[in-house]
Amino acid sequence: DTAVSQTPKYLVTQMGNDKSIKCEQNLGHDTMYWYKQDSKKFLKIMFSYNNKELIINETVPNRFSPKSPDKAHLNLHINSLELGDSAVYFCASSLQGVYGYTFGSGTRLTVV
Amino acid sequence: RKEVEQDPGPFNVPEGATVAFNCTYSNSASQSFFWYRQDCRKEPKLLMSVYSSGNEDGRFTAQLNRASQYISLLIRDSKLSDSATYLCVVNRDDKIIFGKGTRLHILP
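The notes below deal with the structure included here.

### Thoughts on the interface of chain A and chain B
- Across the boundary between the two partners, chain A contributes 21 residues, which contact 21 residues of chain B.
- Here chain A packs against chain B, burying approximately 1700 Å² in sum over the two surfaces, 57% of which is carbon and sulfur.
- Among the residues chain A hides against chain B, the three largest losses belong to Phe42(A), Tyr101(A) and Phe103(A). Together they make up 32% of the total.
- Taken together, chain A and chain B are joined by zero salt bridges.
- Linking chain A to chain B there are four residue pairs in polar contact (both at pLDDT 80 or more).
- Sorting the residues of the side of chain A that touches chain B by element identifies strand 4 (31-37), strand 5 (43-50), strand 6 (53-57) and strand 10 (101-103) of chain A as the ones contributing at least two each.
- Looking at the side of chain A that touches chain B residue by residue, the classes come out as twelve nonpolar, seven polar and two charged.

Here it is as structure tokens:
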């Protein structure tokens, strides 16, 4: 009955590889987000989708490409992984951002 | 200047004490405000929304001052389980912006 679920929970991969992280929410929310939390614990927004439409795209390298097949799913594909991509990636969802945001449990990505 | 600023702490506070955190935001167009709590290696969880009229939830009181662009959180009768990082969050145009968080350690 997890509200926002991300997979995988842990991802260890080599530099140069391409990987995807999946996120699904069953809350009926209309907006979904990807956040990156680096080693200094700072949470920074990467992307936001509202009803499958991209509404926020922060200064993120083109190697990161979000995809939203429907409003309950927001996946993140990363090409040519670099060491600096190592972080925890959190998916979140909200209902128009008004009532707060529900986060997934995070995907800990380690690039070696 | 960061859009949402918080004192990173850590605040080391004895159990039972009252502790207050502050947060300032720079964009007056910000629309909604929240406090989140994040435990070590876990996801952030909503603690409470923050309103200009002030709101209380048990031992927690939050206050928003729009004129000064300032948000506060007060924890009364602190418990060991309150040890966590407290994140000030501001919503502007569907973009949620997090402060860096304030670390709180409650000491037995």
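### With respect to the state of the cysteines
- Evaluation of the coordinates by the stated rule reveals two disulfides over all chains.
- Paired through a disulfide, Cys23(A) and Cys91(A) show a sulfur-sulfur distance of 1.8 Å. With the S-S bond torsion at -80 degrees, the cross-link from Cys23(A) to Cys91(A) turns out left-handed. Residue Cys23(A) is located in strand 3 (residues 19-25), and its partner Cys91(A) is located in strand 9 (residues 87-94); the two are separated by 68 residues in the primary sequence. Comparing Cys23(A) with Cys91(A) shows no difference in burial state: the two are buried.
- There is a disulfide in this structure between Cys23(B) and Cys88(B), and the S-S distance comes to 2.0 Å. The chirality of the disulfide connecting Cys23(B) with Cys88(B) is left-handed, given an S-S dihedral of about -75 degrees.

### Looking at the side chain of Gln6(A)
Residues and elements named next belong to chain A.
- Position of glutamine 6 among the secondary structure elements: in strand 1 (residues 4-7).
- Given a relative accessible area of 7%, glutamine 6 falls into the buried group.
- For glutamine 6, the side chain forms a polar contact with the main-chain oxygen of tyrosine 89, separated by 2.8 Å.
- A polar contact is formed between the side chain of glutamine 6 and the backbone nitrogen of glycine 106, at a distance of 3.0 Å.
- Discounting chain neighbours no more than four positions away, the residues touching glutamine 6 are Ile21, Lys22, Cys23, Trp34, Tyr89, Phe90, Cys91, Gly104, Ser105, Gly106 and Thr107.

### Focus on the packing of aromatic side chains
- For the structure shown, the criterion picks out 16 aromatic pairs over all chains.
- Between Tyr33(A) and Tyr101(A) the ring centres are 5.7 Å apart and the planes differ by 90 degrees, which places this aromatic pair in the edge-to-face class. In this pair, Tyr33(A) is assigned in strand 4 and Tyr101(A) in strand 10, connecting sequence segments 68 residues apart. Note on accessibility: Tyr33(A) and Tyr101(A) belong to one class, buried.
- Through pairs of rings, three or more aromatic residues link up here, namely Tyr33(A), Tyr35(A), Phe90(A), Tyr101(A), Phe103(A), Phe34(B), Tyr36(B) and Phe98(B).
- In this structure, Lys100(B) is placed above the aromatic ring of Phe42(A), and the distance from its NZ or CZ to the ring centre is 5.4 Å.

### Here's the deal with the sheet that holds strand 7 (residues 64-70) of chain A
All names here are of chain A.
- If you walk across this open sheet you meet the four strands as 1-3-8-7, and the pairing is antiparallel. Edge positions in the open sheet fall to strand 1 and strand 7, since each of these has one partner strand only. Between one strand and the next, the sheet's axes are offset by a mean angle of 15 degrees, whatever the strand orientation.
- Where strand 7 and strand 8 (residues 73-78) come together, five bridges link them in antiparallel fashion. In the sheet register, serine 65 faces strand 8, and the bridge partner there is histidine 77.

Conventions and cut-offs
Residues numbered from 1 in each chain as written. Chains lettered and ligands numbered in written order. Predicted model: local features only at pLDDT ≥ 70, side-chain atom pairs only at ≥ 80, totals over all residues. Heavy atoms only, no water. Contact = heavy atoms within 4.5 Å. Buried area = accessible area lost by both parts, 1.4 Å probe. Salt bridge = Lys/Arg side-chain N within 4 Å of Asp/Glu carboxyl O. Polar contact = N/O pair within 3.5 Å; in protein donor to acceptor, adjacent residues only side chain to side chain. Helix = DSSP H or I, 4+ residues; strand = E, 2+ residues; numbered from the N terminus. Nonpolar A, V, L, I, M, F, W, Y, C, P; charged D, E, K, R; others polar. Disulfide = S-S within 2.5 Å. Buried < 20%, exposed > 50% of the residue type's maximum accessible area, 1.4 Å probe, protein only. Phe/Tyr/Trp six-rings, centres within 6.5 Å; stacked < 30°, edge-to-face > 60°. Lys NZ or Arg CZ within 6 Å of the ring centre and 35° of its normal. Pairing = 2+ DSSP bridges. Axes fitted to C-alpha atoms, helices over the stretch in contact; angles between N-to-C directions.

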